[in-house]
Amino acid sequence: MPELPEVEVTCQGLRKHLLGRTVENIWYSGLPLRTVFDIDRIRDDLEQKKLVAVSRRAKYLQLHFDHEALLVIHLGMTGNLGIFEQDTPRKKHDHLEWRFADGTLLRFNDSRRFGSITHVPAETVASLEKTLYRTTGPEPFSEIFNGAYLQRLARNRTVAVKQLIMTNQVVAGVGNIYANESLFRAGIRPARRIATISPSRWQGLATCIREVLSEAIACGGSTISDFVNASRETGYFQVNFRVYGRQGQPCTVCRTTIEKQMIGGRASYYCPVCQK
DNA sequence: CAAGTTACCTGACGGC
DNA sequence: TGCCGTCAGGTAACTT
């Protein structure tokens with residue numbers, strides 16, 4: 001999926017184009033997404049309501065309406081939200097379409113349908129952290145996410161460091177690409193067992209995760225196969241990938257050949273010299 | 001409790 | 001040309 005930076009960039013695009021507009025009607029393909037939702041209830045609650053804010057929690061996009069209800073969208077692996085002028089033909093795998101009062105269309109396209117839509121009525125918004133986000137850890141940009149926090153969570157666990165930082169309950173929004181890139185920047189091998197990491201290296205890792213995510217957001221995210229932000233521009237952070245997808249190519253720092261290794265079923269890339 | 005496995009779904013790609 | 005296996009940015013419900 002879109003990882004945290006791509007969701008953040010989408011969030012910014014939606015804000016720029018749709019804030020203050022009123023939803024006229026909602027179309028749905030009828031095909032199941034990852035979670036069940038009641039389209040009739042969503043229409044009853046959100047049609048004729050004004051979009052007043054767009055925010056992000058982990059990799060979830062939150063559309064806030066003027067009666068305090070939310071529509072929470074997860075893009076899964078292949079989902080994307082795009083803004084189109086009225087009468088633009090729908091494409092294969094379009095699943096939801098919001099038509100705003102001025103004719104602007106917002107579309108959710110998702111070939112694998114791993115994405116999800118969650119309607120949060122106004123009266124249940126306050127309990128979101130205990131419901132939808134009950135297993136979601138702190139935001140990487142929050143103060144509590146630091147080296148001491150990571151080290152504390154690493155106690156009593158035996159997994160590789162890459163698996164730890166990709167665990168949603170540990171930190172929100174770090175997926176496979178940015179886990180690989182953050183570990184390269186921190187100089188830590190993805191397969192390193194967490195018991196052997198020193199306090200200063202944990203702090204360095206927390207810092208590197210924040211830096212990599214911030215830079216990716218500033219670049220407009222990455223385009224791997226199908227991510228396009230909400231104003232139809234592709235991100236360009238992928239030109240800054242140091243290890244992801246670069247097995248067999250020289251390390252940008254020391255020219256050593258980048259290696260690939262499967263860890264927990266996920267492709268992991270590292271420089272055997274720069275990362276220990 | 002942690003950690004490993006499976007499931008959800010389509011599409012791209014390599015080997016034959 | 002097509003058939004088959006594998007892999008792909010995610011997450012949660014399972015089992016071990």
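Owing to the predicted nature of the structure, the values given are computational and were not obtained by experimental measurement.

Asks: What should I look at first to understand the protein's contact with DNA strand B in this one?
Replies: Neighbouring DNA strand B are Lys92, His93, Ser111, Arg112, Arg113, Phe114, Asn156, Arg157, Thr158, Val159 and Gln163. Of all DNA strand B atoms lying within 4 Å of any protein atom, the proportion belonging to sugar or phosphate reaches 65%. Note that a phosphate oxygen of DNA strand B is positioned 2.6 Å from one of the side-chain N or O atoms of His93. The contact in question runs from a sugar or linking oxygen of DNA strand B to an N or O atom on the backbone of Ser111, over 3.3 Å. Its residues assigned to classes, the surface near DNA strand B comprises two nonpolar, five polar and four charged.

Asks: Please explain the UniProt feature "domain: Formamidopyrimidine-DNA glycosylase catalytic" (unreviewed entry) in chain A as it appears in this structure.
Replies: What UniProt calls "domain: Formamidopyrimidine-DNA glycosylase catalytic" (unreviewed entry) maps, in this numbering, to residues 2-115. Here residues 2-115 runs as 20% helix and 38% strand, with 11 Å between its end C-alpha atoms.

Asks: Is there a simple way to explain the domain arrangement of chain A in this structure?
Replies: Split into domains, chain A comes out as domain 1 (4-130) and domain 2 (147-270). Here the C-alpha centre of domain 2 lies 28 Å away from the C-alpha centre of domain 1. Listed by partner, the interface residues are 19 residues for domain 1 and 18 residues for domain 2. Together domain 1 and domain 2 conceal approximately 1500 Å² of surface at their shared face, both sides included; 63% is due to carbon and sulfur atoms. Connecting domain 1 to domain 2 are zero salt bridges.

Asks: What should I look at first to understand the packing of helix H3 (residues 147-154) against helix H6 (residues 199-218) in this one?
Replies: Between H3 and H6, whose axes approach to 7 Å, the crossing angle comes to 115 degrees. Classified by chirality, the crossing of H6 by H3 is right-handed. Together, Gly147, Ala148, Leu150, Gln151 and Ala154 of H3 and Pro199, Trp202, Gln203, Leu205 and Ala206 of H6 make up the contact between the two elements.

Asks: Would you mind going over the pattern of salt bridges with me for this structure?
Replies: It is possible for side chains bearing opposite charge to pair when their charged atoms get close. Scanning all chains against the criterion turns up 10 salt bridges. Its salt-bridge partner being Arg21, residue Asp102 comes within 2.5 Å of it at the nearest N-O pair. A residue pair is termed long-range when its members are at least 10 positions apart, and Asp102 in the loop between strand S6 (94-100) and strand S7 (105-110) and Arg21 in the loop between helix H1 (4-18) and strand S1 (23-28) qualify at 81 residues. The exposure class assigned to Arg21 is partly exposed, which follows from its relative accessible area of 30%. When the shortest N-O distance is used, the salt bridge between Glu139 and Arg57 registers 2.9 Å. Separated by 82 residues along the polypeptide, Glu139 in the loop between strand S8 (116-120) and H3 and Arg57 in strand S2 (residues 51-57) bring together distant segments of the chain. In this structure Arg57 comes out as buried when scored by relative accessible area, which is 11%. Taken together, the salt bridges that share partners define one network made up of Glu8, Arg56, Arg57, Glu129 and Glu139.

Asks: How should I be thinking about the sheet that holds S8 in this particular structure?
Replies: Backbone-to-backbone hydrogen bonds join strands into a sheet, with any given pair of strands oriented parallel or antiparallel. Strand order in the open sheet formed by four strands is S2-S3-S4-S8, and the pairing between neighbours is antiparallel. Edge strands, defined here as strands with exactly one partner in the open sheet, are S2 and S8. For this sheet, the mean angle separating the axes of adjacent strands, direction not counted, is 20 degrees. Note: S2 against strand S3 (residues 60-65), six bridges, orientation antiparallel. Looking at S3, one finds that Val54 is bridged to Leu63.

Asks: What's the story with the UniProt feature "domain: FPG-type" (unreviewed entry) in chain A in this structure? I'm lost.
Replies: Under the feature "domain: FPG-type" (unreviewed entry), the UniProt entry names residues 242-276. The distance from the first to the last C-alpha atom of residues 242-276 is 16 Å, and the span holds 0% helix and 29% strand.

Asks: Can you walk me through the environment of Ile194 in this structure?
Replies: Among the structural elements, Ile194 can be located in the loop between helix H5 (176-186) and H6. Classification of Ile194 as buried rests on a relative accessible area of 2%. The sequence separation of Ile194 and Leu164 amounts to 30 residues, and the corresponding C-alpha distance is 8.1 Å. With near-sequence residues (within four places) excluded, Ile194 lies in contact with Ala154, Arg157, Thr158, Val159, Ala160, Val161, Leu164 and Trp202.

The rules behind these values
- Residues numbered from 1 in each chain as written.
- Chains lettered and ligands numbered in written order.
- Predicted model: local features only at pLDDT ≥ 70, side-chain atom pairs only at ≥ 80, totals over all residues.
- Heavy atoms only, no water.
- Near = heavy atom within 4 Å.
- Polar contact = N/O pair within 3.5 Å; in protein donor to acceptor, adjacent residues only side chain to side chain.
- Nonpolar A, V, L, I, M, F, W, Y, C, P; charged D, E, K, R; others polar.
- UniProt positions renumbered as here; feature names shortened; annotations may be inferred.
- Helix = DSSP H or I, 4+ residues; strand = E, 2+ residues; numbered from the N terminus.
- Domains from an automatic or database assignment.
- Contact = heavy atoms within 4.5 Å.
- Buried area = accessible area lost by both parts, 1.4 Å probe.
- Salt bridge = Lys/Arg side-chain N within 4 Å of Asp/Glu carboxyl O.
- Axes fitted to C-alpha atoms, helices over the stretch in contact; angles between N-to-C directions.
- Left-handed = near helix turned anticlockwise from the far one by under 90°.
- Buried < 20%, exposed > 50% of the residue type's maximum accessible area, 1.4 Å probe, protein only.
- Pairing = 2+ DSSP bridges.

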